[in-house]
Amino acid sequence: MTGKLRSLLDERLEIVAVTAVEVFVARMLAGLGSAALAAYVFDPLFGALWYAAFLVGEIGVRFTTSPVRQGRHMSLRRRAAYVGCMVLASATWSALALRCWFTGDEAFRLAAMAVLAGLLIHAQGFSSRSPVALAAMSIMPAGLWFGLPVFFGGYSGPALVTLSVGLALLLLYVAVSARANMQTSRALTEAERAAVAANEAKSAFLAMMSHELRTPLNGVLGMARALQRTDLDNRQTGYVDTILRSGDGLMAILNDVLDISKIEAGRMDLDVAPFDLRALGEQTVELWAEGAAAKSLTLTCKAEHDLPEMVLGDETRVRQVVMNLVSNALKFTEKGSVTIALRAAPAADGDGGVEIVVSDTGIGMSPEQQSALFRPYFQAEGGAKKYGGTGLGLAICRKLTSMMGGDISVMSESGSGSAFRVWLPLPAAEAAPEAAADSEGLPSLRILVADDNPINLAVARAVLEAAGAVVETAADGAQALERLRFEAFDVVLMDVHMPHMDGIEAVGRLRAGQSGPADTPVVALTADAMPGEESRLKALGFDALQHKPVQPAALIAAIMDVLENRPARAAKDEAAA
């Protein structure tokens with residue numbers, strides 16, 4: 001019995017409840033006006049009693065639907081009570097219609113029919129998403145709509161037949177409209193579920209593709225960087241540099257696709273901290289200096305004296321915006337210059353902040369091109385063929401600036417260059433304590449690297465041995481635990497996805513004391529780049545995370561960090577125990 005009741009009082013009632021919450025004020029005003037009119041036309045006692053019944057029903061609706069207002073689901077008991085409140089509301093308005101009808105006056109009878117018609121419209125318009133709600137709201141007014149004129153109207157003969165047919169046709173139309181609304185609501189619900197499933201499938205696909213693309217890229221870029229550290233002649237150095245630039249370009253495209261997906265899914269977080277915007281601009285110039293020189297372009301960064309020494313914001317995302325704008329400017333500029341201008345925003349902009357302007361002397365844009373410029377995958381006519389790229393860079397810039405509470409705009413004329421202006425509400429901040437300079441060397445450490453991909457093992461060995469570490473390897477989690485059982489290692493680099501035993505299971509067993517010292521530092525190596533991955537892995541027992549393709553300096557810094565923080569973590573674990 002409970003199962004059948006639950007199937008009747010399903011989640012569709014909550015959709016009706018959401019609508020009821022939205023029109024609460026309108027219902028209260030209608031009820032107050034109707035009560036005042038009833039007290040004036042009939043008598044104050046009837047008006048007061050009717051309004052009391054109306055308030056009881058509304059208070060009941062307010063109470064039973066309270067979980068919906070808080071974003072929670074209604075219990076089965078609340079849903080049943082909500083249906084009861086709808087029956088009471090229908091009966092209350094029907095009583096007003098009855099009182100109007102039985103006065104005998106034609107105008108009052110028309111008013112009664114208007115009240116009943118309003119109830120039927122409300123039922124088929126708002127309550128038809130749930131059959132139970134539709135029945136609760138419409139059965140009583142539908143019966144009165146047909147019964148009062150036919151049985152208590154005093155009509156006979158052809159007039160009665162015509163009236164009966166007309167009333168029945170209207171009820172039939174209301175029923176057909178309600179059925180159509182139900183079908184539409186069902187179709188919308190199914191479409192929403194399909195969209196959610198498609199979005200989840202897209203996220204899973206992106207996670208898989210990220211892993212599959214980053215794994216071979218790790219081998220290409222890792223070995224290229226290892227080769228770069230060896231003795232090479234000028235021509236060989238140029239070849240390696242070309243490999244690295246091409247690999248970094250492919251990685252930038254992959255990151256663009258992932259970033260736009262993260263932003264659209266609302267899964268990209270901001271990491272706010274003090275940083276030097278002037279240094280960021282100068283570093284951008286250094287990074288793109290070679291690309292500018294290859295096209296004989298002048299690339300400069302000009303910081304005004306009023307720019308704060310330090311600002312508070314997400315340095316990584318600001319850098320991403322500036323890098324995308326400079327990359328775009330260099331791509332579409334054949335001669336002349338590209339300039340980065342940094343300054344405090346004029347006071348007229350309201351909240352202060354900073355202004356970043358990237359201007360160029362390139363091909364410029366027409367007004368039509370500017371209107372579509374920030375759409376994902378948009379490229380100027382012929383741009384994809386001549387200049388390459390995904391068309392995502394500027395769309396990402398707009399979404400990132402919006403996330404940071406700022407704005408981006410463009411001023412351009414075809415053939416006369418372009419100027420992109422970014423305003424960000426970055427307040428001035430005090431300088432953060434200086435961190436220790438990154439080192440490309442390691443102390444004498446024994447490091448165990450667990451990965452099922454031989455190329456990844458070769459990359460890790462090349463990077464770490466070049467930094468001075470002794471490296472041992474394992475092909476999966478089980479082999480890693482076996483080596484840890486009999487050998488001492490200072491740190492373990494563990495791939496997350498491996499056959500036989502993956503990194504997550506291996507770390508779980510290590511932390512449980514099933515192999516070697518339970519507090520051995522473990523750095524996760526993964527090609528997965530979806531948001532929340534770092535916090536998830538740390539909760540599972542990893543000490544840090546490094547994404548593939550590994551950056552030698554970042555990997556070495558992560559190893560040093562987990563080693564330096566090992567005593568603090570051990571003390572924290574002992575206190576928790």
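Residues numbered from 1 in each chain as written. Predicted model: local features only at pLDDT ≥ 70, side-chain atom pairs only at ≥ 80, totals over all residues. Heavy atoms only, no water.

With that settled, the discussion passes to the packing of helix H2 (residues 12–22) against helix H6 (residues 76–101). Put simply, H2 and H6 touch, their axes get as near as 11 Å, and they point 55 degrees apart. In terms of orientation, H2 and H6 fall into the oblique class. Taken as a pair, H2 and H6 cross one another with a handedness that is left-handed. In this structure, H2 contributes Leu13, Glu14, Val16, Ala17 and Ala20 to the contact, and H6 contributes Arg79, Tyr82, Val83 and Met86. Residue composition of the contact of H2 with H6, by class: 7 nonpolar, no polar and 2 charged. (Axes fitted to C-alpha atoms, helices over the stretch in contact; angles between N-to-C directions. Helix = DSSP H or I, 4+ residues; strand = E, 2+ residues; numbered from the N terminus. Parallel < 35°, antiparallel > 145°, perpendicular 65-115°, else oblique. Left-handed = near helix turned anticlockwise from the far one by under 90°. Contact = heavy atoms within 4.5 Å. Nonpolar A, V, L, I, M, F, W, Y, C, P; charged D, E, K, R; others polar.)

Turning our eyes to something else, we now look at the pattern of salt bridges. Tallied over the full model, the rule gives 16 salt bridges. Of the charged contacts in the structure, one is a salt bridge between arginine 79 and glutamate 14, with a shortest N-O distance of 2.8 Å. Here glutamate 14 lies in helix H2 and arginine 79 lies in helix H6, a separation of 65 residues in the sequence. No difference in accessibility class separates arginine 79 from glutamate 14, as the two residues are buried. (Salt bridge = Lys/Arg side-chain N within 4 Å of Asp/Glu carboxyl O. Buried < 20%, exposed > 50% of the residue type's maximum accessible area, 1.4 Å probe, protein only.)

Mean pLDDT over the protein stands at 83; residues scoring 70 or higher make up 86%. Note on residues 381–390: pLDDT is under 50 here. Beyond four places in sequence and across chains, it has 15 contacts. Between residues 435–439, whose pLDDT stays under 50, and residues either more than four places distant or in other chains, the model counts 2 contacts. (pLDDT = per-residue confidence, 0-100.)

Tallied over the full model, the rule gives 7 aromatic pairs. On the basis of an interplanar angle of 85 degrees and a centroid distance of 5.7 Å, the ring pair of phenylalanine 42 and phenylalanine 46 is categorised as edge-to-face. Residue phenylalanine 42 shares its accessibility class with phenylalanine 46, and that shared class is buried. Between phenylalanine 102 and phenylalanine 152 the ring centres are 5.6 Å apart and the planes differ by 75 degrees, which places this aromatic pair in the edge-to-face class. Here phenylalanine 102 is found in the loop between H6 and helix H7 (106–127), whereas its partner phenylalanine 152 is found in helix H8 (residues 131–152), with 50 residues between them in sequence. One aromatic cluster is present, built from ring pairs that chain together Trp50, Tyr51, Phe54 and Trp93. Taking the ring centre of phenylalanine 46 as reference, the NZ or CZ of arginine 99 above it sits at 4.7 Å. (Phe/Tyr/Trp six-rings, centres within 6.5 Å; stacked < 30°, edge-to-face > 60°. Lys NZ or Arg CZ within 6 Å of the ring centre and 35° of its normal.)

On to the sheet that holds strand E11 (residues 522–526). Spatially, E9-E8-E10-E11-E12 is the arrangement adopted by the 5 strands of the open sheet, whose pairing is parallel. Lying at the two open borders of the sheet, with one neighbouring strand each, are strand E9 (470–474) and strand E12 (544–547). Put simply, the sheet's adjacent strands are angled 25 degrees from each other on average, direction ignored. When strand E10 (residues 491–495) meets E11, the two strands line up parallel, connected through 4 bridges. In the sheet register, aspartate 495 faces E11, and the bridge partner there is leucine 525. (Pairing = 2+ DSSP bridges.)

With 5 of its 5 residues buried, E10 lies for the most part within the structure. A crossover links E10 with its parallel partner E11, the connecting element being helix H18 (residues 503–511), and its sense is right-handed. (Right-handed = clockwise from strand over helix to strand, strands pointing away.)

With that out of the way, let us pick up the environment of asparagine 456. With respect to the helices, strands and loops of the structure, asparagine 456 is situated in helix H16 (residues 454–466). As for asparagine 456 and glycine 219, which are separated by 237 residues in sequence, their C-alpha atoms are 5.8 Å apart. Not counting chain neighbours up to four residues away, the residues in contact with asparagine 456 comprise Thr215, Asn218, Gly219, Asp451 and Lys548.

Although it is not a glycine, serine 296 adopts a positive phi angle of roughly 60 degrees. Note that serine 296 resides in the loop between helix H11 (277–294) and strand E2 (298–303). One non-glycine residue, histidine 500, lies in positive phi territory at about 65 degrees. Following the sequence through the fold, histidine 500 ends up in the loop between E10 and H18. Overall, the relative accessible area of 75% leaves histidine 500 in the exposed class.

To continue, consider the nonpolar core. Ranked by internal contacts, the top residues of the largest apolar core, which has 36 residues, are Leu277, Val318, Leu325, Ile340, Ile356, Phe420 and Leu424. Listing elements by their share of this core, those giving two or more residues are H11, helix H12 (315–331), strand E4 (337–344), strand E5 (354–360), helix H15 (393–403), strand E6 (407–412) and strand E7 (418–424). The element that contributes the greatest number of residues to this core is H12, accounting for 7 residues. Once residues lying within four places of it in the same chain are set aside, the contact partners of valine 318 are Phe275, Leu277, Leu280, Ile356, Met404, Leu424 and Leu426. (Core = buried A, V, L, I, M, F, W, Y, C linked by side-chain atoms within 4.5 Å.)

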